[in-house]
Amino acid sequence: MSDSILIIGGGIAGINAALNAADYGCQVYLLDDTASIGGMMARLDKTFPTNDCSICIESPLMYRVDNHPNIEILTNCEVRRVNRNNGNFEIRLVKKARFVDADKCTGCGTCVEACPVSVPDELDGKIGGMRKLISIPFPQAVPNASIIDPRCRYGKMREQGACIGGCVVDCSQCRECPIALCVKACKDEGKDAVLLWQADKPMDIEVKSIIVCSGIKSYEPSTGTYGYNVYENVITNLQFERLMNAGGPTGGEIVRPSDKAHPKKIAWIQCVGRGDKELPYCSKVCCMITAKQVIITKEHDPSVETLVFYNDLKAYGKGFYDFHRKAVEGGTRYIKGKPFDIFEHPETKNLTIRFEDLDKGELMEEEVELLVLATGLIPSDRNKRLARVLGIELNEYGFFKEKEPLNAPLETNVDGVYLCGGATGPIDISESVVQASAASMKAVIARR
Ligand SMILES: Cc1cc2nc3c(=O)[nH]c(=O)nc-3n(C[C@H](O)[C@H](O)[C@H](O)COP(=O)(O)OP(=O)(O)OC[C@H]3O[C@@H](n4cnc5c(N)ncnc54)[C@H](O)[C@@H]3O)c2cc1C
């Protein structure tokens, strides 16, 4: 009988579940389908309710995972097939090609410097973030290795100036590339880690339990919602988080997209998207995300005027209401009212927000320089496929369904498959960590 555990999703929940089970002597596979573990927390600036630096907390845990003798990290990897045999799970994984040998790559970044093409970064593109076609996901990435955008390899970026643009040979047929600047830069460093001919590789493992930690996604409002994607200075709370972050595209400068000026008056609108088909529920954490963002904005520059339009306020966790009060006492104006119209001033690109002040019962307006839409959390877009492969159920919102929320939380309809963190629904970090400990203990006990 195998006593291994497969953990699917390497965010803060997966990391904690892996460390806990590994410390109890289990062999753990920690799998993520992106190029690094870390999940959403690796993208955040600071975290409520303590406002500690997010990556400063997560990075040492990522380092521990990377160096734990009982943990094997599988990034850029997908679960393709699962069979039950004699109480164990036989699993077919596919390690997608990263076109770089992660064991040889030291993360020196020479290949990234050599790459001539920059494209908008998936997450930060709207606020000016760019990445090269060969890139390292973020400075503290684990593994700390480059990955190549497959579009480059298949010649789809020729018109954008990719260095292998003129080549007519399919990269998978070549073992020596005389053209690619990243290959040359890596060889000049004496490493030879860039392998443009790498292919996807299947891998079979057998485990006793599976823990699903596939996390959450930040909801992207549809074009036109409060001027989103129409007016330049309307952004989401995730984009604002990236602006605040020293590791983000502006190096932590809170500047507005239109002219890169420091806005002196910023508004947040709560519950954006709530009631849309994809977001029919309250995401619990957005009120605290906004409280954090207004507090940090004032820490950056106390003279910035901050206002929050809200309808309901949720402060459900330990210390959360005090945290909200801290935002109010710091000078943020909370206005109970739902904006109904936004328009942009053609010259200044400022935004006028028309709203009904529900306390005063009056129609009013405010002009701001930057507008942040506090959107909610939705399930990972890969949940449907994962549920099908694992044979477990999703709830009506697309999160994984607990067997019995009261008596068997974190368990699923399949014995031996457990859940934790954002896979179960919108959640904050501390609750994800608590669930990760609980789910991993269920898996540890199940192997005995
Ligand atoms: C803008 C914003 C600000 C926030 N601020 C705070 C804060 O200050 N404090 C706080 O407590 N919380 C905050 N949160 C919430 C916090 O991000 C979550 O609680 C936390 O990330 C949940 O961790 P997780 O590991 O469950 O999921 P995630 O962090 O989402 O990690 C999930 C991982 O699973 C991987 N994955 C997904 N599907 C698959 C699959 N099928 N196969 C393989 N891998 C997969 C993903 O690539 C990802 O790496 C914030 C969220 C947002 C959006």
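So, how was this worked out
- Residues numbered from 1 in each chain as written.
- Predicted model: local features only at pLDDT ≥ 70, side-chain atom pairs only at ≥ 80, totals over all residues.
- Domains from an automatic or database assignment.
- Nonpolar A, V, L, I, M, F, W, Y, C, P; charged D, E, K, R; others polar.
- Pairing = 2+ DSSP bridges.
- Helix = DSSP H or I, 4+ residues; strand = E, 2+ residues; numbered from the N terminus.
- Axes fitted to C-alpha atoms, helices over the stretch in contact; angles between N-to-C directions.
- Buried ≥ 20, exposed ≤ 12 C-beta atoms within 10 Å, placed from the backbone.
- Near = placed C-beta within 6 Å.
- Left-handed = near helix turned anticlockwise from the far one by under 90°.
- Contact = placed C-beta atoms within 7 Å.
- Core = buried A, V, L, I, M, F, W, Y, C linked by C-beta atoms within 7 Å.
- Parallel < 35°, antiparallel > 145°, perpendicular 65-115°, else oblique.

Asks: Quick question: what am I supposed to make of the domain arrangement of the protein chain here?
Replies: Interfaces are often sized by the accessible area lost when the parts come together. For the protein chain, the assigned domains are domain 1 (5–94 + 201–215 + 380–446), domain 2 (110–188) and domain 3 (219–377). Look at where the C-alpha atoms of domain 1 and domain 2 centre, and you get two points 30 Å apart. Of the residues in the side of domain 1 that touches domain 2, the class split is seven nonpolar, four polar and two charged.

Asks: Looking at this structure, I do not really get the sheet that holds strand β12 (residues 201–207). What am I missing?
Replies: Across the sheet, which stays open at both edges, the three strands sit in the order β6-β7-β12 with antiparallel pairing between neighbours. Only two strands of the sheet have a single neighbouring strand rather than two, namely β6 (77–85) and β12. For this sheet, the mean angle separating the axes of adjacent strands, direction not counted, is 20 degrees.

Asks: What exactly am I supposed to notice about the environment of Y281 here?
Replies: Position of Y281 among the secondary structure elements: in the loop between β16 (265–272) and α7 (286–300). The partly exposed category is assigned to Y281, around which 15 C-beta atoms lie within 10 Å. Placed 104 residues apart in sequence, Y281 and C177 show a C-alpha to C-alpha distance of 52 Å.

Asks: It is not clear to me how the site of the ligand should be interpreted in this structure. Could you clarify?
Replies: Around the ligand, the structure places 38 residues, and the nearest of them are G9, G11, G39, G215 and G421. Of all elements in the fold, only α1 (12–23), β14 (216–218), α6 (237–244), α7 and α10 (429–446) reach the threshold of two or more residues within the shell around the ligand. Here the shell around the ligand is built from residues that sort into 16 nonpolar, 16 polar and six charged. Both domains that meet at the shell around the ligand, namely domain 1 (5–94 + 201–215 + 380–446) and domain 3 (219–377), each give it at least three residues.

Asks: Sorry if this is basic, but what is going on with the pairing of strand β20 (residues 362–368) here?
Replies: By the bridge criterion, seven bridges tie strand β19 (residues 351–357) to β20 in an arrangement that is antiparallel. Directly across from E356, in β20, lies its bridge partner L363. Connecting the antiparallel pair β19 and β20 is a turn made up of four residues, with G361 showing a positive phi of about 70 degrees.

Asks: Honestly, the packing of α6 against α7 in this entry has me stumped. Any pointers?
Replies: Helix-helix packing is described using two parameters, namely the angle between the two axes and the distance between the axes. Packing of α6 against α7 brings their axes to within 11 Å, and their N-to-C directions diverge by 30 degrees. In this structure, the crossing between α6 and α7 has a hand that is left-handed. Residues N237, F240 and M244 of α6 touch α7, and the partners they reach there are C286, I289, T290, Q293 and I296. For the contact of α6 with α7, a count of residues per class yields five nonpolar, three polar and no charged.

Asks: What am I meant to see in the sheet that holds strand β17 (residues 305–310) here?
Replies: What links the strands of a sheet is backbone hydrogen bonding, and the strands pair in either a parallel or an antiparallel sense. The seven strands are arranged β15-β21-β16-β17-β18-β19-β20 in an open sheet whose pairing can be described as mixed. If you trace the sheet from one side to the other, it starts and ends with β15 (234–236) and β20, each paired once. Direction aside, neighbouring strands of the sheet carry axes that sit 40 degrees apart on average. In terms of strand pairing, β16 meets strand β21 (residues 370–375) through five bridges, oriented parallel. In the sheet register, I269 faces β21, and the bridge partner there is L373.

Asks: Explain the nonpolar core here, please?
Replies: Generally speaking, a soluble globular protein has its nonpolar side chains buried in company with each other. Counting 105 residues, the largest nonpolar core has I7, A18, L30, I211 and C420 as the members making the most contacts within it. Among the elements that take part in this core, α1 stands out by supplying eight residues, more than any other. Setting aside residues no more than four positions away along its own chain, L30 makes contact with I7, G10, G14, A18, I37, V65, I71, I73 and L74. Counting 26 residues, the second-largest nonpolar core is a separate cluster that includes C105, I147, I164 and V194.

Asks: Explain the packing of α7 against helix α8 (residues 320–329) here, please?
Replies: Two elements in contact, α7 and α8, have axes whose closest approach is 9 Å; the angle formed by their N-to-C orientations is 40 degrees. On the basis of their axis angle, the class for α7 and α8 is oblique. Considering how the two elements wind past one another, α7 and α8 form a crossing that is left-handed. Touching C287, M288, A291, V294 and I295 of α7 are F320, F323, H324, K326 and A327, all from α8. Its residues assigned to classes, the contact of α7 with α8 shows eight nonpolar, one polar and one charged.

Asks: Quick question: what am I supposed to make of the pairing of strand β7 (residues 88–95) here?
Replies: Every regular strand shows the same layout, with side chains that alternate between the two sheet faces. Note: β6 against β7, eight bridges, orientation antiparallel. Within β7, the residue paired with E78 across the bridge is V94. Connecting β6 to the next strand, β7, in antiparallel fashion are two residues, including N86 with a positive phi near 55 degrees. Here seven bridges tie β7 to β12, and the two strands are oriented antiparallel to one another. Across the sheet, E90 pairs through a bridge with E206, a residue of β12.

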